[in-house]
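# Structural overview for review
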Amino acid sequence: MNLYKLAFNNILRKKLRSSLTMLGIIIGAATILILMGTTAGLASAVKDQTSEYMYDVIIAPASSSGSYLLDSQTVSKVDKLSNIYDLQEVTVFSEDINGKTVTIGGTNDWKKVKIKSGTPGVVINHAVADKLGLGIGDKIKVKNQELTITGISNEEQVDEDVMGIYVNQHLAKQMAGNKVRAIYARTNGDPKTVANDVEKQVKGVNVETKSEKVAKVQEWSNKALLFMGMIAGIALVVGIISVVNTMMMSVMERTRELGVLKAIGFTNWDLKGSILFESGLLGFSGSVIGIIIGIAGIILVAKMLNFTTYIPEMMPLWLIGSVIIGSTILSILAGLYPAVRASKLNVVEALRHE
């Protein structure tokens, strides 16, 4: 008699109870994959955006300056510095359009703006198009200047819900009174050393290096992943507890059967292995089904967020493998106590059990 086949058949014999036990693990595994996968995808998107748009250093107003824009005098001082080059100004400001706050951003590189339809010039994103009911050819007034919308962007970014309008940087700077939000630049030498030199030479500015910005993004990503993992882990723990309950019930119901097995020569280790195999099989099967549902959930979430570009980053193999292996191991551990209890059954008492 094959005890492992017997354990497998025992799961099939109690289909409803086995299904309900696996349901907890399925929910836990799917929740972990969706929450942690979505967080990982968002972190990748932010990291890509940070790496793509940043040069070696970013020069912005210091918090002590009391302004969020650099004035023309400060910009002029930065332009004259010899230890930075390839400067790129960015102007960002908010404007009230039709009762809604809209972010106006200047750009020097239209290739980075994913234009879905139309042409560069005055490009609105989906949020502006949807919430203000605007389209190509419509006119908007920004800083008392009438602009004609020339395109609509197709942004797959984390800030898609932000209402934004792209215009040429020169025009944005002009509308903001020749002020800029930040200056990106490459450095001659170590970025950190140059950043310190710039802060000493130009008062009222704060200079961050690319590595510092990326490190902040990575730190945020790690904290978010840990937090989501803890929340999702609670759901999995509930599922594992149900495995303990199920295996205890199984041992109680099969007391006579287990007594017969011991009487015909099966050892305590054989019985322990059978119980642990059964609990592990419940965990493995539940986690695999949970992963399949989780993958479907991630694809759905990605489409809802218009985030399909990052689907591979949202389903890393290490996460899928960890969920399956972790659920299986935890389920085996959950079967330890019932297994030990089964192995300690007294043969005579077990055979008398009704």
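What you see is a predicted model, and the numbers here were worked out from it, not measured in a lab.

This paragraph deals with the overall build of the protein. When you go through the protein residue by residue, the secondary structure sums to 13 helices and 12 strands. Its C-alpha atoms give the protein a radius of gyration of 31 Å, more than 25% over the compact-globule value 20 Å for 354 residues. Along the longest, intermediate and shortest principal axes, the C-alpha atoms of the protein span 95 × 50 × 30 Å. Expressed as a percentage of contacts within the protein between residues at least 6 apart in sequence, the contacts between residues at least 24 apart total 82%. Considering the protein, the positive charge centre built from 36 side chains and the negative charge centre built from 31 side chains are found 7 Å apart.

Summarizing the sequence annotation, UniProt attributes the feature "domain: ABC3 transporter permease C-terminal" (unreviewed entry) to residues 230-346 in the numbering used throughout. With 85% helix and 0% strand, residues 230-346 has end C-alpha atoms that lie 42 Å from one another.

Okay, the environment of glutamate 89 next. Take glutamate 89: it is sitting in strand β2 (residues 84-90). Once residues lying within four places of it in the same chain are set aside, the contact partners of glutamate 89 are Val75, Asp79, Asn108, Gln169, Lys173, Val180, Ala182 and Ile183.

What follows concerns the sheet that holds strand β5 (residues 115-118). One key point about sheets: their strands pair by backbone hydrogen bonds, in either a parallel or an antiparallel sense. With mixed pairing, the 6 strands of this open sheet are ordered in space as β3-β4-β10-β6-β9-β5. Single-partner strands in this sheet number two, and they are β3 (92-97) and β5. Along the sheet, successive strands turn relative to each other by an average axial angle of 30°, direction set aside. Pairing analysis gives 3 bridges linking β5 to strand β9 (residues 151-153), with the strands arranged antiparallel. From the neighbouring strand, isoleucine 115 faces β9, where its bridge partner is serine 153.

Two quantities define a packed helix pair, namely the angle between the helix axes and the distance between the axes. Running from amino to carboxyl end, helix α11 (residues 317-334) crosses helix α12 (residues 336-343) at an angle of 35°, the nearest separation of the two axes being 4 Å. Contacts between α11 and α12 pair Ile332, Leu333 and Ala334 from the former with Leu336, Tyr337 and Pro338 from the latter. When the residues that make up the contact of α11 with α12 are grouped by side-chain class, the tally is 6 nonpolar, no polar and no charged.

Before going further, it helps to spend a moment on the pairing of strand β1 (residues 57-61). Across a regular strand the side chains alternate sides, sitting on one face of the sheet and then on the other. Of all 5 residues in β1, 5 are buried; the element is thus mostly enclosed. Summarising the sheet, β1 and strand β11 (residues 182-187) pair through 3 bridges and their orientation is antiparallel. Of the residues in β11, the one forming a bridge with valine 57 is alanine 185.

Here we come to unusual backbone geometry. In the Ramachandran plot, aspartate 86 falls in the positive-phi region, its phi being about 55° despite a non-glycine side chain. Take aspartate 86: it is sitting in strand β2. Using a relative accessible area of 40% as the deciding quantity, one classes aspartate 86 as partly exposed. Of note in the backbone geometry, asparagine 98 takes a positive phi value of approximately 50° without being a glycine. Exposure remark for asparagine 98: the relative accessible area of 59% places this residue in the exposed category.

This part covers the UniProt feature "transmembrane region" (unreviewed entry) in the protein. Mapped onto the present numbering, the UniProt feature "transmembrane region" (unreviewed entry) falls on residues 20-41, 224-244, 281-305 and 317-337. Secondary structure across residues 20-41 divides into 100% helix and 0% strand, with the first and last C-alpha atoms of the span separated by 31 Å. Secondary structure content for residues 224-244 is 100% helix and 0% strand, while the C-alpha to C-alpha distance between its ends is 31 Å.

Rules and cut-offs
Residues numbered from 1 in each chain as written. Predicted model: local features only at pLDDT ≥ 70, side-chain atom pairs only at ≥ 80, totals over all residues. Heavy atoms only, no water. Helix = DSSP H or I, 4+ residues; strand = E, 2+ residues; numbered from the N terminus. Rg over C-alpha atoms; globule rule 2.2 N^0.38 Å. Contact = heavy atoms within 4.5 Å. Lys, Arg positive; Asp, Glu negative; His and termini not counted. Charge placed at Lys NZ, Arg CZ, Asp CG, Glu CD. UniProt positions renumbered as here; feature names shortened; annotations may be inferred. Pairing = 2+ DSSP bridges. Axes fitted to C-alpha atoms, helices over the stretch in contact; angles between N-to-C directions. Nonpolar A, V, L, I, M, F, W, Y, C, P; charged D, E, K, R; others polar. Buried < 20%, exposed > 50% of the residue type's maximum accessible area, 1.4 Å probe, protein only.

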